[in-house]
Amino acid sequence: MASTPTNHDDDLESDIVIHEYTHGLMNRLTGGGTGRCLTTAVSGGLGEGWSDAMADWANIRRFLYSTNTAVNRLKYSSLRTSSGVHRYGEIWANMLHTLHAQMMVYNEFDANARTNPESRAGYAMSLHILIDAPKLQLAILPVRLVSLVDAKNALIQADYNRYNGLNRCSITQVFARRGLG
Ligand SMILES: [Zn+2]
């Protein structure tokens, strides 16, 4: 599956900066710099698309975020050959990217998912458990730091608490495929 809808980079700031910068660039390059030729719905969509594409192409990570293990081959074991929080973050972010995609595929589509907090669309449920999970992670400062295993287990618990384990199979499959079984 391709990366949707755009690169889910954990370095959100750079994505947004590049996205907004590209708006300014395209507005100046089109129609003699007036920016007035990109204002209706479809041409406005062009502008958003260019900006998202640029943020995606300027990916500063080692691999594009992808559910495809040939496109992004980072696994749990890649921690051993990585160093630094951004490299570690890529491994975790791609697992989350894959989970989000799988939950969207395995659950119903809901056109109102963005505004209905009770939605059972994968889009809505994955966002909910992502925010619920950190509260459940075992973390005892300063002696015990949160591991990827803890964070995965917290997602499973969050799904159990909110959705009675509806997505347990998706969660365990996705992480197992990336070596975090
Ligand atoms: Zn935009």
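Residues numbered from 1 in each chain as written. Predicted model: local features only at pLDDT ≥ 70, side-chain atom pairs only at ≥ 80, totals over all residues. Heavy atoms only, no water.

A. Local environment of the coordination of the zinc ion. Coordination of the zinc ion by the protein comes from H19 (NE2), H23 (NE2) and E48 (OE), over a distance range of 2.0 to 2.1 Å. For the zinc ion, the donor residues sit on a single chain with the sequence spacing H-x3-H-x24-E. Taken together, the residues span about one helical turn, with H19 and H23 both in helix α1 (residues 12-29) at a distance of four residues. An identical accessibility class is assigned to H19 and H23; each is buried. (Donors = N, O, S within 2.8 Å, 3.2 Å for Na, K, Ca; no water. Helix = DSSP H or I, 4+ residues; strand = E, 2+ residues; numbered from the N terminus. Buried < 20%, exposed > 50% of the residue type's maximum accessible area, 1.4 Å probe, protein only.)

B. Here's a closer look at unusual backbone geometry. For N164, which is not glycine, the phi torsion reads 55 degrees and is therefore positive. For N164, the position within the fold is in the loop between α5 (148-163) and α6 (168-177). Its relative accessible area of 64% is what places N164 among the exposed residues.

C. A look at the side chain of S82. Tracing the chain through its elements places S82 in the loop between α2 (41-57) and α3 (85-106). Note on S82: relative accessible area 9%, which makes it buried. Polar side-chain contacts of S82 include one of 2.6 Å to the backbone oxygen of S78. Leave out the neighbours within four places in its chain, and S82 touches R62, R87, Y88 and I91. (Polar contact = N/O pair within 3.5 Å; in protein donor to acceptor, adjacent residues only side chain to side chain. Contact = heavy atoms within 4.5 Å.)

D. Focus on the domain arrangement of the protein. Domain annotation of the protein identifies domain 1 (12-57) and domain 2 (76-177). In this structure, domain 1 and domain 2 have C-alpha centres spaced 31 Å apart. (Domains from an automatic or database assignment.)

E. Region of the structure containing the packing of aromatic side chains. Going through the model one piece at a time under the given rule, you end up with one aromatic pair. For the pair W92 and F175, a centre-to-centre distance of 5.6 Å together with 25 degrees between the ring planes defines the contact as stacked. Separated by 83 residues along the polypeptide, W92 in helix α3 and F175 in helix α6 bring together distant segments of the chain. (Phe/Tyr/Trp six-rings, centres within 6.5 Å; stacked < 30°, edge-to-face > 60°.)

F. Molecular detail of the UniProt feature "binding site: Zn(2+)" (unreviewed entry) in the protein. UniProt tags H19, H23 and E48 as "binding site: Zn(2+)" (unreviewed entry). Taken together, the annotated residues stretch across 30 residues yet fold into one region, lying no more than 8.0 Å apart by C-alpha. Leaving out residues up to four positions away in the same chain, H19 has contacts with E48, S51, D52 and A55. Leaving out residues up to four positions away in the same chain, H23 has contacts with G47, E48 and S51. (UniProt positions renumbered as here; feature names shortened; annotations may be inferred.)

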